[in-house]
Amino acid sequence: MGAAVQAERSSTLEVRTSEDVVRVRQEVRNRTAAVGFSLVDQTKFVTAASEIARNTIDHGEGGTVRIEVVAAPGKKGVRLVFEDQGPGIADIKLAMQDGYTTGGGLGMGMPGSKRLSNEFYVESAPGKGTKVTLVRWKST
Amino acid sequence: MEQIPILKVGRCLLVSIQIDMHDKLAMALQDDLTQKLVDTRARGVLIDISALDLVDSFIGRMLSNIAAMARVLDAQTVVVGMRPQVAITLVELGLTLTGIHTALDVDKGLALINRLIDDPDGGSGAGGAQ
């Protein structure tokens, strides 16, 4: 996510209810389709978005997602920035491990979403909320 | 309130998920199916997901839970119609859908369910772990 990456179109959605998760999925589907992602790549990124949106609600007490089309020299993609003001993640390394969960889920959300993205960043500290950024580039 | 219809066909309950389910609706389906299994004494559950363009960890867990509850209630579960892009994504996400039998379409799913009902241990080779 260097300085060469330009955000072109951006929209922000609330992520507070399970209906919001469905809306996030639809918006990410529309954006990835508009950029020209293959059906497989669309599905991968929509699934990653669904996992992180649910985390924002279940662990972050709700928040927002900024969805933007991004361009860098020779490539185009979609970037998602999920932000919440929840309790934060004490141990990000642990949260990124397959099967680790504090919420009674399967513990696949964070590591699975990372696998489904090309770039994946987590910024968080206890009491400071959590910011998760996902980028997927259109395959050429 | 939104609801996903559950049809009884022979010894089997048939569910076709046609909409992008939010989590509460998925939980309601799980509860409805379990209740209907008890009420109808059905021996099989066939879940058609051919209209679903995504199976994330929550929906995956719901499918595994339905299969586990059905087994406790002496019924077999078969999931049919998964789209190829959904299957690719599920594997990369890391979900294995433990305990779920799968078939390519409704016809093959019904045939598998009937085989499983008649011979619960003989259904291996058709996909899904025990």
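Attention in this report is confined to the structure presented alongside it. Being a predicted model, the structure only gives us computed values, none of them experimental. (Residues numbered from 1 in each chain as written. Chains lettered and ligands numbered in written order. Predicted model: local features only at pLDDT ≥ 70, side-chain atom pairs only at ≥ 80, totals over all residues.)

1. With respect to the overall build of chain A
A tally of helices and strands in chain A yields four helices and five strands. The helix and strand sequence of chain A, counted from the amino end, reads β-α-α-β-β-α-α-β-β. Over its C-alpha atoms chain A spans a radius of gyration of 14 Å, differing by no more than 12% from the 14 Å that the globule rule assigns to 140 residues. Overall, chain A is about 40 × 30 × 25 Å in size when its C-alpha atoms are taken along their principal axes. Within chain A, contacts between residues separated by at least 24 positions form 65% of all contacts whose residues are at least 6 apart in sequence. (Helix = DSSP H or I, 4+ residues; strand = E, 2+ residues; numbered from the N terminus. Rg over C-alpha atoms; globule rule 2.2 N^0.38 Å. Contact = placed C-beta atoms within 7 Å.)

2. Some words on the nonpolar core
Ala49(A) and Leu46(B) are the most contacted members of the largest nonpolar core, which totals 62 residues. When residues no more than four places from it in sequence are discounted, the contact partners of Leu46(B) are Cys12(B), Leu14(B), Val78(B), Val80(B), Val106(B), Gly109(B), Leu110(B) and Ile113(B). (Core = buried A, V, L, I, M, F, W, Y, C linked by C-beta atoms within 7 Å. Buried ≥ 20, exposed ≤ 12 C-beta atoms within 10 Å, placed from the backbone.)

3. A closer look at the interface of chain B and chain A
Each partner contributes to the interface: chain B provides 18 residues, whereas chain A provides 23 residues. Where the side of chain B that touches chain A is concerned, the elements lending two or more residues are α1 (23-40), α2 (57-72) and α3 (84-93) of chain B. It is α3(B) that provides the largest number of residues to the side of chain B that touches chain A, a total of six residues. In terms of residue class, the side of chain B that touches chain A is made up of six nonpolar, five polar and seven charged. (Nonpolar A, V, L, I, M, F, W, Y, C, P; charged D, E, K, R; others polar.)

4. Focus: the packing of α1(B) against α2(B)
All names here are of chain B. Put simply, α1 and α2 touch, their axes get as near as 10 Å, and they point 10 degrees apart. By the angle between their axes, α1 is roughly parallel relative to α2. Contact with α1, carried on its side by Asp-23, Ala-26, Gln-30, Leu-33, Thr-34 and Leu-37, involves Phe-58, Ile-59, Met-62, Asn-65, Ile-66, Met-69 and Ala-70 of α2 and no other residues of that element. (Axes fitted to C-alpha atoms, helices over the stretch in contact; angles between N-to-C directions. Parallel < 35°, antiparallel > 145°, perpendicular 65-115°, else oblique.)

5. A closer look at α1(B)
The terminal C-alpha atoms of α1(B) lie 26 Å apart, and with 18 residues this matches the ideal 26 Å at 1.5 Å per residue to within 8%. Among all positions of α1(B), only Asp23(B), Leu25(B), Leu29(B), Leu33(B) and Leu37(B) are buried. Projected down its long axis, α1(B) shows its buried positions confined to an angular sector of 160 degrees, all on one face. For α1(B), the exposed residues set more than 90 degrees away from the buried face come down to Asp31(B), Gln35(B), Val38(B) and Asp39(B). Those residues of α1(B) hidden inside the fold are in contact with α1 (18-35) of chain A together with β1 (6-9), β2 (12-16), β3 (44-48) and α2 of chain B. Immediately downstream of α1(B), the backbone of Arg41(B) shows phi near 55 degrees, a positive value. (Expected span 1.5 Å × (residues − 1). Arc of directions from axis to C-beta.)

All we've got here are geometric facts, nothing functional implied.
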